[in-house]
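In case you want the letters, here they are:
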Amino acid sequence: MRPYSTLMMFATIFLLSIGVNAQSYQLNNEASSLHIDGTSNIHDWTIKAENTGGNLSLEFEDSSLEDIELLEFTVMAKSLMSGKSGMDKNTYKALNTNKYKQITFKLKDVQSIEKVSTGIYNIKTTGSLEIAGTKRDIKLDFKLKSSSNAITLTGEHKLNMTSFGVEAPTAMFGTITTGEDVVVKFESQFNRK
């Protein structure tokens with residue numbers, strides 16, 4: 001047996017013996033929700049993302065979460081719906097959805113994984129968020145709940161849209177103005193591939 005083959009065999013046996021297990025998941029759009037809450041000089045508003053996607057890869061050791069190897073999340077920009085066509089039109093214009101079709105988040109680093117109880121963890125990460133063609137690194141904290149065939153991520157994150165070059169939409173010839181800050185709230189279910 002060649003030395004390289006022997007080394008690979010021992011590495012495989014070692015990984016199996018310590019119980020390391022990588023698992024891949026795909027986002028279930030129907031079982032997930034993402035809302036964007038904002039303010040205006042008239043009333044608060046909410047936009048819901050109708051079309052989301054993503055992939056998640058986790059590393060477990062003896063059924064305990066050890067690492068997040070991959071987390072990608074996508075929102076189709078024109079699937080953001082407020083229930084008011086005028087507001088949606090202004091949102092799409094502000095996001096330049098004709099040119100930039102997607103809003104994306106990609107994990108860059110995991111700062112900490114804190115086990116709260118069986119199958120439940122508090123996670124601190126950094127990642128790259130791209131909105132309207134502008135990328136910024138953000139800190140994203142969320143709760144991860146693990147079950148036999150699904151992983152659910154829940155959390156919220158405050159964003160200043162001007163930091164992504166997005167001007168706050170206006171309506172009624174500028175008499176209605178929206179605030180620069182929005183809060184993104186998500187509950188994303190990923191199913192085992």
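The present account deals with the structure reproduced in this document.

Parameters and conventions
- Residues numbered from 1 in each chain as written.
- Predicted model: local features only at pLDDT ≥ 70, side-chain atom pairs only at ≥ 80, totals over all residues.
- Heavy atoms only, no water.
- Salt bridge = Lys/Arg side-chain N within 4 Å of Asp/Glu carboxyl O.
- Helix = DSSP H or I, 4+ residues; strand = E, 2+ residues; numbered from the N terminus.
- Buried < 20%, exposed > 50% of the residue type's maximum accessible area, 1.4 Å probe, protein only.
- Contact = heavy atoms within 4.5 Å.
- Arc of directions from axis to C-beta.

## Describing the pattern of salt bridges
As enumerated under the stated definition, the model contains four salt bridges in all. For K185, the salt bridge goes to D37, with nearest N and O atoms at 3.2 Å. Residue K185 is located in strand β13 (residues 181-192), and its partner D37 is located in strand β2 (residues 33-38); the two are separated by 148 residues in the primary sequence. Looking at D37, the relative accessible area reads 21%, which means it is partly exposed. Between D137 and K108 there is a salt bridge whose closest N-O contact spans 3.1 Å. With D137 in strand β9 (residues 134-146) and K108 in strand β7 (residues 102-117), this residue pair connects regions lying 29 residues apart in the sequence. Note on D137: relative accessible area 54%, which makes it exposed.

## Quick notes on the environment of K135
Here K135 lies in strand β9. Linking K135 and F105, residues 30 residues apart in sequence, is a C-alpha distance of 9.3 Å. The residues contacting K135, other than those within four sequence positions of it, are S128, L129 and E130.

## Regarding unusual backbone geometry
In most cases, non-glycine residues show a negative phi, while peptide bonds are predominantly trans. With phi around 50°, N96 is a residue other than glycine that occupies positive phi space. Tracing the sequence through the fold places N96 in the loop between α2 (85-95) and β7. A relative accessible area of 35% places N96 in the partly exposed class. Within the chain, A132 stands out as a residue other than glycine whose phi angle is a positive 50°. Position of A132 among the secondary structure elements: in the loop between β8 (120-131) and β9.

## Topic: α2
Each turn of an α-helix holds 3.6 residues, which means side chains three or four residues apart point in the same direction. Looking at α2, one finds that the buried residues are D88, T91, Y92 and L95. Along the axis of α2, the buried residues cluster in a sector spanning 95°; they form a single face. With respect to the buried face of α2, the exposed residues turned more than 90 degrees away are K89 and K93. If you follow the buried residues of α2, they end up packed against β3 (45-49), β6 (80-81), β7 and β8. Taken from the residues just after α2, N96 is the one with a positive phi, measuring 50°.

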